[in-house]
Structures are given as C-alpha cells and as structure tokens.
Amino acid sequence: MNANQSIKEAGTVTMERSYNAPKEKVWQALTNVDNLRKWFFDVSAFEPKLGFKFEFSGDCGDDINEEHYVHYCEVTDLIEGEKLTYSWSYRDYEGMSYVTWQLFSQGEGTRVVLTHRGLDTFPKLANFTRDSFTGGWTYFMDEALKEFVEL
C-alpha cells in the first residue's frame with residue numbers, strides 16, 4: 001500500500017497517509033482534547049486511557065437532507081504514541097464499529113494508518129455506507145488532520 005492509498009473491503013475502511021510532521025505532534029493531534037476540537041469534532045472530553053468514554057455530535061448529508069448524529073465512543077486499545085482504538089456507535093441507531101489510528105515514524109515525518117471496521121453493523125442508510133465513511137475519513141485525513149499537523 002502506498003502512502004496515500006485507501007483499501008475498501010466489506011464493512012471496513014482503511015486509509016494510509018504520510019504527514020510532514022513528527023510522530024509526537026500527530027499523536028497529540030489525536031489524543032489532546034483541545035487539538036481534537038480544532039481539526040476533528042467538538043468532543044465532550046478526551047483522555048488517552050483505556051475505558052475512557054467520550055461523545056461528540058456531527059452533521060452529515062446535504063443542506064436539504066442533513067442529519068444530526070450523536071456519536072458514542074470508548075477507548076478500547078492503546079499503545080502510547082503508536083496506536084489508539086475506540087468504539088464508535090450512534091445514539092438511536094444499532095451497530096458498533098471501531099476506529100484505529102496507528103502511527104509509524106517515517107524519517108522526520110509520520111505515516112498514519114486509519115482503520116474503521118464494523119461499518120456493516122449499522123443500518124442500511126445512505127449516511128452509514130462504506131462510501132459515506134470513506135468520504136468523511138478522506139476529508140479528515142487529506143485536509144483537516146494534514147493542515148493541523150503540517151502547520
């Protein structure tokens with residue numbers, strides 16, 4: 001897989017990107033609540049600790065068919081500075097998925113692998129398709145996170 005490749009398989013989105021930023025800066029973007037609020041979502045709180053629960057709200061869709069979703073998450077796996085996994089579910093919808101961020105030093109930069117698995121557990125709605133998640137994660141990986149860590 002090259003540095004900016006995405007892999008699609010049933011129920012899973014995997015993306016790999018490289019950033020011109022040190023691993024510690026990328027880790028802080030993923031785990032510091034103030035940083036998360038600048039590039040990701042306005043999370044209620046966040047601590048990189050197993051069992052830590054957090055939530056955030058987000059809108060999805062176009063101006064006519066926009067939906068508001070409350071996301072519930074819990075840190076389920078953590079290797080300080082290298083790997084972060086949290087559950088991802090929605091208020092009022094069945095299904096449970098897991099988001100994993102893995103960081104690898106790459107010279108003076110960082111390679112990040114994002115895997116969001118379990119998408120096939122969500123209802124068969126337009127905003128819960130693999131393509132919808134791919135679009136969202138592409139924005140966060142290619143624009144929001146990139147701009148934040150490469151400043």
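Calculation criteria
Residues numbered from 1 in each chain as written. Predicted model: local features only at pLDDT ≥ 70, side-chain atom pairs only at ≥ 80, totals over all residues. Heavy atoms only, no water. Axes fitted to C-alpha atoms, helices over the stretch in contact; angles between N-to-C directions. Helix = DSSP H or I, 4+ residues; strand = E, 2+ residues; numbered from the N terminus. Parallel < 35°, antiparallel > 145°, perpendicular 65-115°, else oblique. Left-handed = near helix turned anticlockwise from the far one by under 90°. Contact = heavy atoms within 4.5 Å. Nonpolar A, V, L, I, M, F, W, Y, C, P; charged D, E, K, R; others polar. Phe/Tyr/Trp six-rings, centres within 6.5 Å; stacked < 30°, edge-to-face > 60°. Buried < 20%, exposed > 50% of the residue type's maximum accessible area, 1.4 Å probe, protein only. Lys NZ or Arg CZ within 6 Å of the ring centre and 35° of its normal.

**A look at the packing of helix α1 (residues 23-31) against helix α3 (residues 130-149)**
Contact pair α1 / α3: the axes reach a minimum separation of 10 Å and the direction vectors enclose 125°. Relative to α3, α1 is oriented oblique. In this structure, α1 crosses over α3, and the sense of that crossing is right-handed. Along the contact surface, α1 presents K25, V26 and A29, while α3 presents L145, F148 and V149. For the contact of α1 with α3, the residue count by class is five nonpolar, no polar and one charged.

**A short note on the packing of aromatic side chains**
Scanning the entire structure with this criterion turns up 26 aromatic pairs. On the numbers, 5.1 Å between centres and 65° between planes, the contact of F40 with F140 is edge-to-face. On the criterion of sequence distance, the pair formed by F40 in the loop between α2 (33-39) and β3 (53-60) and F140 in helix α3 is long-range, its members being 100 residues apart. We note that F40, like F140, is buried. Aromatic side chains F122 and F128 sit 5.4 Å apart centroid to centroid with 35° between the ring planes, which places their arrangement in the tilted category. Both residues of the pair, F122 and F128, belong to the buried class. It is R111 that lies over the ring of F104; its NZ or CZ is 4.3 Å from the centre.

**Observations concerning unusual backbone geometry**
Positive phi values are uncommon outside glycine, yet D92 reaches one of about 75°. In this structure, D92 sits in the loop between β5 (83-90) and β6 (97-106). In this structure D92 comes out as exposed when scored by relative accessible area, which is 68%.

**Structural notes on the side chain of N127**
With respect to the secondary-structure elements, N127 resides in the loop between β7 (109-117) and α3. A residue is classified by how much of its surface remains accessible, and N127, at 18% relative accessible area, is buried.

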